[in-house]
Each structure stands twice: as C-alpha cells, then as structure tokens.
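# Chain and residue survey
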Amino acid sequence: MEILSTLLEEITGFLGITQALEILKSGDYAAFKTYDGIASLIYPIIPLLLLLEFVVGLIYKKPQIKVYKVNFLIYIFNRFVGRFIAIAMVTFCIGVFSSYAILKTSNTWYWFIYAYVVWELGHFVYHYLGHKVRLFWCLHSTHHAPEEMNLSVTHAHFFLEAPYADTIRTTVCILLGVQPELLFTVMFIDGTYGAFIHIGENLIKDARFGFLNKIMLTPSHHRVHHARNPLYMDTNFCNLLNVWDKVFGTYQEEQKSVQIEYGITREMDSGNFIDVYFGEIIALAKDVVNAPGLTNKFRYLIMPPGWSHTGDHKTAKVVRSAYLESNLDA
C-alpha cells in the first residue's frame, strides 16, 4: 500500500493538482480567490496539455515515442537526485545578496514590470553562458538533445542545471533590487510560460501567434532556439520578453524557407538515456584528456562548444557566420 500511495503522490505531483485537491478537501472554496488558489488552478495546465499533445500525436500517427521515453526517464531520474537543490540555492542567494541590493522595489505594477525585465536579464545571462561555456553546455545540452519538439522537452534537463541557473537568475534579481515576493511571482509565471513555449507541432503547427511574434517570445522563437540549423544556432535566449535578445543581437525569427531541424550537432543516439544525459560530459572529458598542456585542457572547459586547440573551430558563431556570409554572397 505504501508503494501505491507513493505512486499516487508522484502522479498527482506531476499533474500539478496536489494543492487544488487540498483546497477541495478543506471545503474552503474561497481559497481559490487567493494567490495560492489561483496558482493551484494554473499548475495543471501544462501537464494536461502534455497529455493532450501525446494523445493527439498518437491520433496523427506522429507519436514521437523516442522523445517521450527519454524525457520520462530524465524526469524520473531528476526526481531522485535533484529535488531540492534549486530551491536551496534560491534561498541561499536571497539571504546572501539582499543586503547588497542597489535599490529597493515594492509590490506595485510598475516594479513588477521592472522585476520581469530584470529576471529576463538574469535568464539571458544564464542561458547565454549555457551555450557559450563548454562546461555549462554539458549541463544544458540534455535539454537540446531531443530531435522533436513537444511539452515533455521541458523536463529534459541535467539535474545540476536548475541550481546554477537559479543561482545566476536570483543573484541578478536580488542585486538589482527585486524583492523576494516579486521574484517568486515572476518565477511562477515564467516557469509556466517557459514550459508552454515547448509546445509541439502536433498541437500548434504555426506558433508565431501573429503580431505577438514581434513583441514577445513565442513558441516559434523557442523552436528556432532548439534548432541545429546554422541560421538558428545560439539565438533567442530569452523566455517571454525577447528584449535582451534584441539588445545583444541574438534575436532570430523562424524563416519559412528554413525548416527547423531539432537536436544538437554532435552525432548521438537521442533515444539513449546515457548519451542524452551524459554524452556531452563524456565528450568533454575525452577532449580534456587528449588536449596537450594544462592551458588547453582548461580552455576546453571554458571555451564554447566546438572550440579546438588545433584552431579548427566549429563553434556556433563560426558555423553561423559562414552560413550568413555564403548566403549573402549568393
């Protein structure tokens, strides 16, 4: 019975209905008007869309079983090894850096907008480093390994990625004066939307969302981010407000003439859990071992993926620049 109880808790936890069930059991339906009550109704949206997406995929005979299988294994693995680390890092950063904040915000609508813009800056920094520093890419590459896009991809993360991501995002927000109450509200909204932008073609074929594609980050933008096409590599690092991509020149819209190819450039078996989860770490370890001299070994850790001590660089910047130049000449 204990096993069944644990399994039921995991299922309700995955579906995001635990908090809503507790409110229903208490009979205090007025609680649904509070922040926690509203959140309890929003939590199940993404899991339910994921299930709907899977069913629709079966109907369309585009089941993407390999992606769902590996991402399910990643979800289970991460539940055991990384459950509370990210929460602890957020709490730690708030405690350490609050006294160093350069200004003080309050719970008003204009400070909320400020908090969201600042959060997006922190997200951009973490995400950019995840693509430009080989060691961080080893953690982030798990998220880019799936060769199809669907909502299960939001669960495809190396267990150490969330702690280092939240350390950077929280530190940036706290130092720039975002109050913890605002921070947690932004994290909830951004986490929900950040899951939604992984919605696949089985549910939404054209995810540009009309005029919204010009003023916010849509699933179309994030599909571009997950592409390995030279034109699309290392673009669209933001999550909801794409202001920082436009500021730093990493903004890229989906082109109808360039069909998205998902996945990473390294040859791999995207249906193999070990290769998806640990493949980049193994590849980095081989490069470090084989590199001549301590300086080159260290460079492999901090230089972008594709950097080589031989000078034959195949980084995203090199590949994308070559593509843009060749198409400009054409």
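Everything numeric in this text was worked out from a predicted model, so none of it was measured.

### Considering the overall build of the chain
Of regular secondary structure, the chain possesses 16 helices and zero strands. Relative to the 2.2 N^0.38 estimate, which gives 20 Å for 330 residues, the radius of gyration of the chain is 21 Å and therefore close to what a compact globule would have. Summarising its shape, the C-alpha atoms of the chain cover approximately 65 × 55 × 45 Å along the three principal directions. Taken over 330 residues, the chain has a buried fraction of 45%. In the chain, of all internal contacts separated by at least 6 residues, the share reaching a separation of at least 24 is 70%. Accessible area for the chain stands at about 17,300 Å²; split by element, carbon and sulfur atoms hold 67% of it. Side chains of the chain give 26 positive and 29 negative charges; the mean places of these two sets differ by 3 Å.

### So, the nonpolar core
Ranked by internal contacts, the top residues of the largest apolar core, which has 49 residues, are Ile74, Val178 and Leu183. Elements that contribute at least two residues to this core include exactly helix H4 (45-59), helix H5 (65-81), helix H6 (85-97), helix H7 (109-132), helix H8 (134-144), helix H9 (161-175), helix H10 (180-196) and helix H14 (273-290). When sequence neighbours within four positions are dropped, the list of residues in contact with Val178 reads Thr105, Tyr114, Ala115, Val118, Cys173 and Leu183. The next biggest cluster of nonpolar side chains, apart from the first, holds 10 residues, and it includes Val153, Leu231, Tyr232 and Val258.

### A look at the environment of Val96
Counting through the fold element by element, Val96 comes out in helix H6. Judged by relative accessible area, which is 31%, Val96 ranks as partly exposed. Linking Val96 and Ala316, residues 220 residues apart in sequence, is a C-alpha distance of 36 Å.

### Details of the packing of H6 against H9
In contact at an axis separation of 8 Å, H6 and H9 are set at 25 degrees when each is read in the N-to-C sense. Here H6 is positioned roughly parallel relative to H9, judged by the angle of their axes. Handedness of the H6/H9 crossing: right-handed. Counted together, Ile85, Ala86, Met89, Val90, Cys93, Ile94 and Phe97 of H6 and Ala162, Pro163, Asp166, Thr167, Thr170, Thr171, Ile174 and Leu175 of H9 form the full contact between these two elements.

### Points about the packing of helix H3 (residues 35-42) against H10
Interaxial distance between H3 and H10 falls to 12 Å at its minimum, and their mutual angle equals 15 degrees. The angle between H3 and H10 places the two elements in the roughly parallel class. Considering the relative orientation of H3 and H10, their crossing is left-handed. Residue-level inspection shows Tyr35, Ala39 and Ile42 of H3 in contact with H10, the latter providing Phe184, Thr185, Phe188 and Thr192. Each residue belonging to the contact of H3 with H10 can be placed in one class, and the counts come to five nonpolar, two polar and no charged.

### Some details on the packing of aromatic side chains
In this structure the tally under the stated criterion is 25 aromatic pairs. Relative to Tyr277, the ring of Phe77 has its centre 5.0 Å away and its plane inclined at 75 degrees; by these criteria the two rings are edge-to-face. With Phe77 in helix H5 and Tyr277 in helix H14, the pair connects residues that are 200 residues apart, well separated along the chain. Judged by its relative accessible area of 28%, Phe77 falls in the partly exposed class. Taking NZ or CZ as reference, Lys246 lies 4.9 Å from the ring centre of Tyr251, over its face.

### Things to note about the side chain of Asp234
Positionally, Asp234 belongs in the loop between helix H12 (219-225) and helix H13 (243-248). For Asp234, a relative accessible area of 16% corresponds to the buried category. A distance of 2.9 Å separates the side chain of Asp234 from the side chain of His131, its partner in a polar contact. Within the structure, Asp234 has its side chain in polar contact with the side chain of Lys132 (distance 3.0 Å).

Calculation criteria
Residues numbered from 1 in each chain as written. Predicted model: local features only at pLDDT ≥ 70, side-chain atom pairs only at ≥ 80, totals over all residues. Heavy atoms only, no water. Helix = DSSP H or I, 4+ residues; strand = E, 2+ residues; numbered from the N terminus. Rg over C-alpha atoms; globule rule 2.2 N^0.38 Å. Buried < 20%, exposed > 50% of the residue type's maximum accessible area, 1.4 Å probe, protein only. Contact = heavy atoms within 4.5 Å. Areas by Shrake-Rupley, 256 points an atom, 1.4 Å probe, with all protein chains shown as cover. Lys, Arg positive; Asp, Glu negative; His and termini not counted. Charge placed at Lys NZ, Arg CZ, Asp CG, Glu CD. Core = buried A, V, L, I, M, F, W, Y, C linked by side-chain atoms within 4.5 Å. Axes fitted to C-alpha atoms, helices over the stretch in contact; angles between N-to-C directions. Parallel < 35°, antiparallel > 145°, perpendicular 65-115°, else oblique. Left-handed = near helix turned anticlockwise from the far one by under 90°. Nonpolar A, V, L, I, M, F, W, Y, C, P; charged D, E, K, R; others polar. Phe/Tyr/Trp six-rings, centres within 6.5 Å; stacked < 30°, edge-to-face > 60°. Lys NZ or Arg CZ within 6 Å of the ring centre and 35° of its normal. Polar contact = N/O pair within 3.5 Å; in protein donor to acceptor, adjacent residues only side chain to side chain.

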